[in-house]
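Observations on the model geometry
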Amino acid sequence: ASACSFVAHGGAARGPAMGGVAPRHGPCHRRRYAPSGLVVLASALLIACLLLATKSSSSASVGAVGGVAPRRGTEALLRAAPTSSTGPARPRLGRPPCTKGGRGATTQRWCAPPEDAEVAVDNASRDGFRSPPRESANKQAPLLMLPRHPSNCKVNEVLERTETLVHRIQRGQVSELLKNPSGQSREGGIDPEDRVYANSYVDLGAAEVVGFDYDYTLVSYKPVLLERIYEMARRHLVDNNRYPTELLTELQGYDPTFAIRGVAVDVESAWICALTNRYRVSVAFYGRERVSPEVVSDMYKSEFGAGILPPEERRRRMRPLNDLFSTVEACLLADLVQWFKDRDIAFDARSVVEDVLSAVGHAHTSGDMHRAVAEDLDHFLEPDEERRLRHLLESLKASGRKTMLVSNSAFWYVDAGMKHKVGEDWRTLFDVVVVSAGKPAFYTQNRPFREVSKNTGRIKFKPITELKPYNVYCQGSIGELMSLTGWAKEADGHVDGSKVIYLGDSLFADLVEARRLYGWTTGAIISEVADEIGVQRRREWKEAWHVLQALVHCIQMCQEEFHAEQQSENGVVNRQVPHTKANRALLDSLEALALEMRSKKDAVMNQNFGSIFRTSKDDGRTDKPSLFGRSLQRYVDFYTSRVENLRLYSTDHRFYPCHTRIGVLHEFTHMRDPILELMYEDSDDSCWLDDMPSDLMM
């Protein structure tokens, strides 16, 4: 009764979760009493018992950690996070101190007993050196705990400093670094999402002609269009290819989160593959299920090496998906294959791939997609309420530039969209308008132009000897275009293709051949640039990125310390001595943590394929430019998220490539790395950064 009175009067015990007192019940719950001396005494006794029980539990926990028996596995190598990000690391209980000084320091370090070395590292390597789940007072994610070397104190010093920096990153204590994760800066007040990025030197003032594609260049579409194309293709499979009618209701529809631009379809296996810049398959999906790396390696095994296809076979099997329309093909193919797999229905992969690609293509060639868009332009087209596109075109015309539109779409469709976005007089803003161009055949074949009636849309038969302003032409070729217009012709009669700038969204349909065969300056419109920069602003991406950088530096620095152990009496380092078992186990564990951070970073971009610009060639241990990213560097002079971004620059602006992104590492060994400086700030050891090997400074 006394205990119930204590609870009823609002004492410290509020329920089972707050000290184990039973919920309020019985007559004492309904009546209030004045606190008598007996009640106060009983309450005091109850509190004392609770405090004693808590203290006993804590003592038992400390005793277990203190080491009645030596710890093994992951828990033997985990230590508590330091209370201060700049203070010394706590000594780990149950381990003898090591007084060997690290680089110029003689502070006490804590190492495991030598006899415990191999077992501790092996078990920890198997467990992944991960911290067990625990609750924190502010409900934040648990701090990342790094492993420790069983005997090398200098290596442990590197690990301690890395762990301290990682904790500072996770706590948000390095905001001056996390504020700008990837060198993105405001260029003259222009946000990174709207900037133009140059792969080579581009002088807009030297350009005489600026040309544009139409779809996803002059106009952008809302995601609902891709959903409509998916529905059209699915209906075509059922109505024309006699696929099961259940597909109309059981397929989930277009999923914008599944695939990304730049993946490829293996036409023989129906896999959706991400390719590295050296054509190695890094990630593959069979249906909606990811294929294991071992199966991928075995599938593409050849005399060139596991995972690598010879050029002839690669061209025959891999169909790249390099524009946003093609993400529908990847999604529909994956859904259809998964539907067959879930029902144990045998199917021929090559036939299914051909049917899906044909069905999606039919939505374009039949005109069904174009008619749907033209009937409701507001529903499908991204708005341009500020008339930014018109402002850009008018600025180019006012500066004396020639302008052209070269599109694969039909005239009636382009005309409807341009009137909606630019105005009824849109043709006055272009010197040449070419529709139904049939790119990339427009670049590779020598075809004559034909005039299109602006009133009826019918094709005329008269020969074309000149391209007149305000007229509309179809078919043709780039050779005929340059010959009839006389653009970019030098005094000696030669044509300087670099004076022609052409912008489009599809690398291989719009840009590759124009640059490779005729030397045009090419600009890519990649809407994902703005999307990915937006993701890079998010805290979870920035945290994973900087933790990953710290782990990579840590791995490299640990290996330097391994070599330092092999010094002979005359101070010469023998770098050819193999790593010990403990050293290899430590590197494996650090690589596992780095892989975890890289996967976390990529999943924020796209949970299946990551960034369209980067991928991995070794199951996530490192990342390199994807095939799409490499092609962008190779065939595109500059790129941006929207064509309207060009209006933010002068018509004489000069774009310069960012040389630090070229990847010629030896040219930048003098540059300081902010991650390394943070790891060694306020330390007597910071002076040794000046002597750090070049590969550690990158």
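These numbers come from a predicted model, not from an experiment. (Residues numbered from 1 in each chain as written. Predicted model: local features only at pLDDT ≥ 70, side-chain atom pairs only at ≥ 80, totals over all residues. Heavy atoms only, no water.)

Let us look at the overall build of the chain. Tallying secondary structure elements over the chain gives 25 helices and 20 strands in all. When contacts within the chain are restricted to residue pairs at least 6 apart in sequence, those whose partners lie at least 24 apart make up 72%. When the accessible surface of the chain is totalled, it reaches about 34100 Å², and 51% of it is carbon and sulfur. (Helix = DSSP H or I, 4+ residues; strand = E, 2+ residues; numbered from the N terminus. Contact = heavy atoms within 4.5 Å. Areas by Shrake-Rupley, 256 points an atom, 1.4 Å probe, with all protein chains shown as cover.)

This brings us to the packing of aromatic side chains. The full count for this structure, using the stated rule, is 27 aromatic pairs. Both rings, one in Phe-442 and one in Phe-449, keep their centres 6.4 Å apart while their planes meet at 65°; by these two values the pair is edge-to-face. On the accessibility criterion, Phe-449 (3% relative accessible area) is buried. Ring plane angle 50° and centroid distance 6.0 Å describe the contact between Tyr-502 and Trp-520, whose orientation is recorded as tilted. Taken together, the residues span a long stretch of sequence, with Tyr-502 in strand S15 (residues 500–504) and Trp-520 in the loop between helix H20 (507–518) and strand S16 (521–525) at a distance of 18 residues. Assigned by exposure class, Tyr-502 and Trp-520 land together as buried. (Phe/Tyr/Trp six-rings, centres within 6.5 Å; stacked < 30°, edge-to-face > 60°. Buried < 20%, exposed > 50% of the residue type's maximum accessible area, 1.4 Å probe, protein only.)

Considering the arrangement of structural elements, one finds Ser-631 in helix H24 (residues 627–635). With relative accessibility at 8%, the residue Ser-631 sits in the buried group. With near-sequence residues (within four places) excluded, Ser-631 lies in contact with Leu-507, Phe-508 and Val-636.

This next bit is on a positive patch on the surface. A surface patch of like charges, here positive, comprises Arg-278, Lys-624, Arg-630 and Arg-634. You can see Lys-624 is positioned in strand S18 (residues 624–625). (Patch = residues over 30% accessible without salt bridge, like charges linked within 9 Å, V, L, I, M, F, W, Y side chains within 5 Å. Salt bridge = Lys/Arg side-chain N within 4 Å of Asp/Glu carboxyl O. Lys, Arg positive; Asp, Glu negative; His and termini not counted. Charge placed at Lys NZ, Arg CZ, Asp CG, Glu CD.)

This paragraph deals with the environment of Thr-245. For Thr-245, the location among the structural elements is in the loop between helix H8 (223–239) and helix H9 (247–250). On the basis of relative accessibility, which here comes to 53%, the residue Thr-245 falls in the exposed class. The spacing of Thr-245 and Arg-235 is ten residues in sequence and 8.8 Å in space, taken between C-alpha atoms.

Right, let's get into the packing of H8 against helix H12 (residues 326–342). Two elements in contact, H8 and H12, have axes separated by 10 Å at closest approach and are oriented at 50°. Between H8 and H12, the angle is such that the two are oblique. The handedness of the crossing between H8 and H12 comes out as right-handed. Where H8 abuts H12, its residues Leu-226, Ile-229, Tyr-230, Ala-233, Arg-234 and Leu-237 lie against Thr-327, Val-328, Cys-331, Leu-332, Asp-335 and Leu-336. By residue class, the composition of the contact of H8 with H12 is nine nonpolar, one polar and two charged. (Axes fitted to C-alpha atoms, helices over the stretch in contact; angles between N-to-C directions. Parallel < 35°, antiparallel > 145°, perpendicular 65-115°, else oblique. Left-handed = near helix turned anticlockwise from the far one by under 90°. Nonpolar A, V, L, I, M, F, W, Y, C, P; charged D, E, K, R; others polar.)

Assignment of secondary structure puts Ile-478 in helix H19 (residues 478–485). Between the alpha carbons of Ile-478 and Ala-437 there is a distance of 9.8 Å; along the sequence they are 41 residues apart. The contacts of Ile-478, once residues within four sequence positions are left out, are Phe-442, Tyr-443, Tyr-518 and Trp-520.

Turning our attention to the packing of H12 against helix H13 (residues 349–365). Packing of H12 against H13 brings their axes to within 10 Å, and their N-to-C directions diverge by 140°. For the element pair H12 / H13, the angle class is oblique. In the crossing of H12 with H13, the sense of the turn from one axis to the other is right-handed. Touching Val-328, Glu-329, Leu-332, Leu-333, Leu-336, Val-337 and Phe-340 of H12 are Val-352, Val-353, Val-356, Leu-357 and Val-360, all from H13. In terms of residue class, the contact of H12 with H13 is made up of eleven nonpolar, no polar and one charged.

This brings us to helix H17 (residues 411–421). Turning to H17, its buried residues number three or more, namely Phe-411, Tyr-413, Val-414, Asp-415, Gly-417, Met-418 and Lys-421. Buried positions along H17 lie against helix H14 (368–375), helix H16 (388–398), strand S11 (402–406), strand S12 (432–435), strand S13 (449–452) and strand S14 (472–475).

With that settled, consider unusual backbone geometry. Put simply, Lys-439 and Pro-440 share a cis peptide bond, and its omega is 10°. For Pro-440, the location among the structural elements is in the loop between S12 and helix H18 (441–444). With phi around 60°, Tyr-216 is a residue other than glycine that occupies positive phi space. As for its position among the elements, Tyr-216 is in the loop between strand S5 (209–212) and H8. For Tyr-216, a relative accessible area of 8% puts it in the buried group.

Counting across every chain of the model gives 39 salt bridges. Across the pair Glu-193 and Arg-537 runs a salt bridge whose closest N-O atoms are separated by 2.7 Å. With a gap of 344 residues between them, Glu-193 in the loop between helix H7 (175–178) and strand S3 (197–198) and Arg-537 in the loop between helix H21 (528–536) and helix H22 (539–564) connect regions that are remote in the sequence. The exposure class assigned to Arg-537 is partly exposed, which follows from its relative accessible area of 43%.

This part is about the sheet that holds S13. Pairing between the strands of a sheet comes from backbone hydrogen bonds, and it takes one of two forms, parallel or antiparallel. Strand order in the open sheet formed by nine strands is S3-S19-S16-S15-S5-S11-S12-S14-S13, with mixed pairing between adjacent strands. One side of each edge strand has no neighbouring strand; the edge strands of this open sheet are S3 and S13. Direction of pairing for S12 relative to S14: parallel, over a ladder of three bridges. In the sheet register, Val-435 faces S14, and the bridge partner there is Cys-474. Relative to S13, H19 is tilted by about 75°, and along the sheet it contacts S11, S12, S13 and S15. (Pairing = 2+ DSSP bridges.)

Let's shift gears to the side chain of Arg-314. Along the chain, Arg-314 turns up in helix H11 (residues 311–317). Buried charge Arg-314 goes without a salt bridge, the closest partner of opposite sign being Glu-312 at 7.6 Å. Discounting residues that sit within four places of it in the chain, Arg-314 has contacts with Tyr-279 and Leu-309.

So far we have only geometry, and geometry alone does not tell us how the molecule works.
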